[in-house]
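Chain by chain, the residues run as shown.
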Amino acid sequence: YRGYANSIAFFESRLAFAGTKNNPNTIWLSEIDNFFAFDPGTLDTDPIRVTINSGSIDGIRWLVPHRQLIIGSTGSEWALGAESDNKPVTPTSFDIKRKTTYGSNSIAGLLVNSAVLFVMRQGKKLREWVFNFDAQDYVAPDLTLVAEHIAGDNFKAIALQQQPDNIVWTINSDNELVGMTCERDQKVVGWHRHKCTGAFESVTVLPTAAGPDAVYVSIKLTVNSAEVRYICRLDDREWGTNYVTQY
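The sections below set out a description of the structure shown in this document.

1. Description of the sheet that holds strand β1 (residues 7–11)
Pairing between the strands of a sheet comes from backbone hydrogen bonds, and it takes one of two forms, parallel or antiparallel.
Step number 1: Here 4 strands make up an open sheet; going across it, the order is β1-β2-β3-β4 and the pairing antiparallel. This sheet does not close on itself; its edge strands, each paired only once, are β1 and β4 (48–51). The average angle at which neighbouring strand axes cross in this sheet is 20°, direction not considered.
Step number 2: Pairing geometry for strand β2 (residues 14–18) and strand β3 (residues 26–29), over 3 bridges, is antiparallel. The residue bridging Phe-17 from the neighbouring strand is Trp-28, located in β3.

2. Description of the pattern of salt bridges
Step number 1: Applying the stated criterion across every chain yields a total of 7 salt bridges.
Step number 2: The shortest N-O distance in the salt bridge between Glu-176 and Lys-195 comes to 3.6 Å. Linking Glu-176 in the loop between β14 (167–172) and β15 (177–183) with Lys-195 in the loop between β16 (188–194) and β17 (199–206), this pair joins segments that are 19 residues apart in sequence.
Step number 3: With relative accessibility at 9%, the residue Glu-176 sits in the buried group.
Step number 4: Between Glu-201 and Arg-229 there is a salt bridge whose closest N-O contact spans 2.6 Å. Taken together, the residues span a long stretch of sequence, with Glu-201 in strand β17 and Arg-229 in strand β19 (residues 226–233) at a distance of 28 residues.
Step number 5: Note on Glu-201: relative accessible area 27%, which makes it partly exposed.
Step number 6: Overall, Arg-229 belongs to the partly exposed group, its relative accessible area being 49%.
Step number 7: One network of salt bridges, with partners in common, ties together Glu-176, Arg-193 and Lys-195.

3. Points about unusual backbone geometry
Both trends apply: most residues other than glycine have a negative phi, and most peptide bonds are in trans.
Step number 1: For the bond running from Gln-163 to Pro-164, omega is 5°, close enough to zero to count as cis.
Step number 2: Mapped onto the secondary structure, Pro-164 falls in the loop between β13 (155–161) and β14.
Step number 3: The backbone phi angle of Ser-225 is positive, close to 65°, even though this residue is not glycine.
Step number 4: Of note, Ser-225 is situated in the loop between β18 (214–223) and β19.
Step number 5: Its relative accessible area of 76% is what places Ser-225 among the exposed residues.

Conventions and cut-offs
Residues numbered from 1 in each chain as written. Predicted model: local features only at pLDDT ≥ 70, side-chain atom pairs only at ≥ 80, totals over all residues. Heavy atoms only, no water. Pairing = 2+ DSSP bridges. Helix = DSSP H or I, 4+ residues; strand = E, 2+ residues; numbered from the N terminus. Axes fitted to C-alpha atoms, helices over the stretch in contact; angles between N-to-C directions. Salt bridge = Lys/Arg side-chain N within 4 Å of Asp/Glu carboxyl O. Buried < 20%, exposed > 50% of the residue type's maximum accessible area, 1.4 Å probe, protein only.

Below is the structure:
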């Protein structure tokens, strides 16, 4: 009746909904271990309703559960957590603070180890939201700074491959498949573009029981003057076994 939530996550055994049409800056957290109960109360296990008070209509675009519930909105990035590290979030004891003010796109954020990757509101920049121990606060450096052209007009989708390496796969406005190899411990961030005779429209990653994660893409092609779509799986990387050592 009042609009469906555009952001969903699980956090501390609660189901969280956020960003409806009528309440774009409100988060609802269910009763603990009861994902159908949302009537707020005062007991520690009762449901919780939280509205972001940013001074403007700051619509929530995505939620990422981490040590805290990370919230991306149109104007800022927030963190919802307990008042103390040793306590859970309850209806009468929680803390929500604005951490950065970059603004987020509707593409869902990704948790990559201890960082959250998100697309900025305009859709052209991918940022890494992470705690900086020197500043003792959260920062969000621009990962597209080394390749500002890579998104084209905007990113359209993102997905994370974790094996054999962390690669963030994206689709840009030119319908190219664009990957970003990201190994922060080694200070490695590298972009690479992949083209085909058709147009990449979507990408997702599924884990496998053994070996690399499976990367699937939706590709639009023209076959016999008709538009068709195929779901394709990318081949696993193969470096070969024949090599020559040169001195």
